[in-house]
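# Residue-level structural notes
Listed here are the chains, written in short residue letters.
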Amino acid sequence: MSSHQREFLCKVLVVGDLGVGKTSIIQRYVHNIYSQCYRATIGVDFALKILNWDQDTVVRLQLWDIAGQERFGHMTRLYYREAVGALVVCDMGREATLQSVERWKEDLDSKVCLQNGRPIPVILLRNKCDQLPAGSRTRNLKEMGKELGFSDCHLTSAKENVNIDEAISCLIKEIIAND
Ligand code: GDP
Ligand code: MG
């Protein structure tokens with residue numbers, strides 16, 4: 001790393017109901033792997049990915065997985081501490097997980113904020129889009145996200161590697177802009 005480069009350490013939380021694909025998204029993004037096996041019991045706390053973002057910027061991205069704690073409904077303040085961004089994930093095929101999205105967003109906003117007091121950027125991922133029946137209506141996606149206070153909203157598939165990189169890049173852009 002040359003002396004003019006700046007380094008960002010980014011703690012990003014990945015939250016959402018059990019089984020929506022949080023661990024799969026992280027595994028896909030960091031290791032480019034995907035497995036059908038249900039990984040709920042593997043308690044990986046966080047994964048690190050180092051990105052040469054641009055000529056001047058290195059991003060050390062820590063993705064925090066809430067493996068196994070979804071069922072308690074909410075996380076502790078300590079866990080959220082110093083996070084600079086978050087992904088809230090839901091499963092397109094399970095309406096109940098979409099209903100929970102608002103609750104996860106509120107939980108984040110009540111427990112963590114930026115140093116200037118503003119909310120951290122949070123992006124909504126509607127995962128498992130590979131399971132969408134052809135011709136499904138996905139309009140109003142962005143509007144829905146904005147209404148709920150998300151910076152952005154993306155349809156993703158960890159299985160088929162759709163939009164994962166794009167969505168996380170969007171979040172990193174916001175994080176860097178906030179610095
Ligand atoms: P988590 O509990 O939120 O961490 O969810 P997991 O990552 O463990 O995924 C739960 C289940 O959904 C697993 O069987 C995954 O293989 C499956 N899954 C995850 N992402 C996708 C996806 O994009 N498409 C499909 N079809 N299945 C997925
Ligand atoms: Mg998991």
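Definitions and limits used
- Residues numbered from 1 in each chain as written.
- Chains lettered and ligands numbered in written order.
- Predicted model: local features only at pLDDT ≥ 70, side-chain atom pairs only at ≥ 80, totals over all residues.
- Heavy atoms only, no water.
- UniProt positions renumbered as here; feature names shortened; annotations may be inferred.
- Helix = DSSP H or I, 4+ residues; strand = E, 2+ residues; numbered from the N terminus.
- Buried < 20%, exposed > 50% of the residue type's maximum accessible area, 1.4 Å probe, protein only.
- Near = heavy atom within 4 Å.
- Polar contact = N/O pair within 3.5 Å; in protein donor to acceptor, adjacent residues only side chain to side chain.
- Areas by Shrake-Rupley, 256 points an atom, 1.4 Å probe, with all protein chains shown as cover.
- Nonpolar A, V, L, I, M, F, W, Y, C, P; charged D, E, K, R; others polar.
- Contact = heavy atoms within 4.5 Å.
- Pairing = 2+ DSSP bridges.
- Axes fitted to C-alpha atoms, helices over the stretch in contact; angles between N-to-C directions.
- Expected span 1.5 Å × (residues − 1).
- Bend = angle between axes of the 7 residues up to and from the residue.
- Phe/Tyr/Trp six-rings, centres within 6.5 Å; stacked < 30°, edge-to-face > 60°.
- Lys NZ or Arg CZ within 6 Å of the ring centre and 35° of its normal.

As named in an unreviewed UniProt entry, the protein chain is Ras-related protein Rab, taken from Leptobrachium leishanense. Recorded in UniProt under Function (unreviewed entry), the annotation for the protein chain is "The small GTPases Rab are key regulators in vesicle trafficking." Taken directly from UniProt, the Sequence similarities (unreviewed entry) text for the protein chain runs: "Belongs to the small GTPase superfamily. Rab family."

## A short note on unusual backbone geometry
With a phi close to 65°, Glu82 is a non-glycine residue in the positive phi region. The topology assignment puts Glu82 in the loop between helix 2 (77-80) and strand 4 (85-91). For Asn163, which is not a glycine, the phi torsion comes out positive at approximately 65°. Within the fold, Asn163 resides in the loop between strand 6 (152-155) and helix 5 (164-178). Owing to a relative accessible area of 26%, Asn163 belongs among the partly exposed residues under this scheme.

## Details of the site of ligand 1
The local shell around ligand 1 holds 21 residues, among which Gly19, Lys22, Ser24, Asp130 and Ala158 are the closest. Within the side chain of Asn127, a nitrogen or oxygen atom sits 3.2 Å from a nitrogen atom of ligand 1. Across the complex, the protein chains shield 93% of the 580 Å² of accessible surface that ligand 1 would expose by itself. Here the shell around ligand 1 takes 3 residues from helix 1 (residues 22-31), the largest share from any one element. Residue classes in the shell around ligand 1 are distributed as 5 nonpolar, 9 polar and 7 charged.

## Regarding helix 1
By the criterion of burial, helix 1 is predominantly enclosed, with 9 of the 10 residues buried. Its buried side turned inward, helix 1 meets strand 1 (6-15), strand 2 (46-54), strand 3 (57-65), strand 4, strand 5 (122-127) and helix 5. One or two residues past the end of helix 1 sits Asn32, with phi positive at roughly 50°.

## Looking at the sheet that holds strand 5
The mixed open sheet is built from 6 strands, whose spatial order is 2-3-1-4-5-6. This sheet does not close on itself; its edge strands, each paired only once, are strand 2 and strand 6. Taking the axes of each pair of neighbouring strands and ignoring which way they run, one obtains an average angle of 25° across the sheet. Note: strand 1 against strand 3, 9 bridges, orientation parallel. Bridged to Val12 within strand 3 is Leu63. Here helix 1 sits on the sheet and contacts strand 1, strand 2, strand 3, strand 4 and strand 5; the angle it forms with strand 3, its principal contact strand, is near 155°.

## Quick look at helix 3 (residues 95-111)
A rise of 1.5 Å per residue sets the reference length of helix 3, with its 17 residues, at 24 Å; its end C-alpha atoms lie 26 Å apart and thus fit the reference within 8%. For helix 3, the principal kink sits at Val101 and spans about 30°. Tucked inside the fold, the buried residues of helix 3 contact strand 1, helix 2, strand 4, strand 5 and helix 4 (141-147).

## Some words on the packing of aromatic side chains
Enumeration over the complete set of coordinates arrives at 3 aromatic pairs. For the pair Phe46 and Trp64, a centre-to-centre distance of 5.4 Å together with 15° between the ring planes defines the contact as stacked. One end of the pair, Phe46, is in strand 2; the other, Trp64, is in strand 3, and 18 residues separate them in sequence. One aromatic cluster in this structure is built from Phe46, Trp64, Tyr79 and Tyr80. Positioned over the ring face of Tyr79 is Lys11, at 5.8 Å from the centre of the ring. Geometry around Trp104 places Arg103 over its ring, the cationic atom sitting 5.8 Å from the centre.

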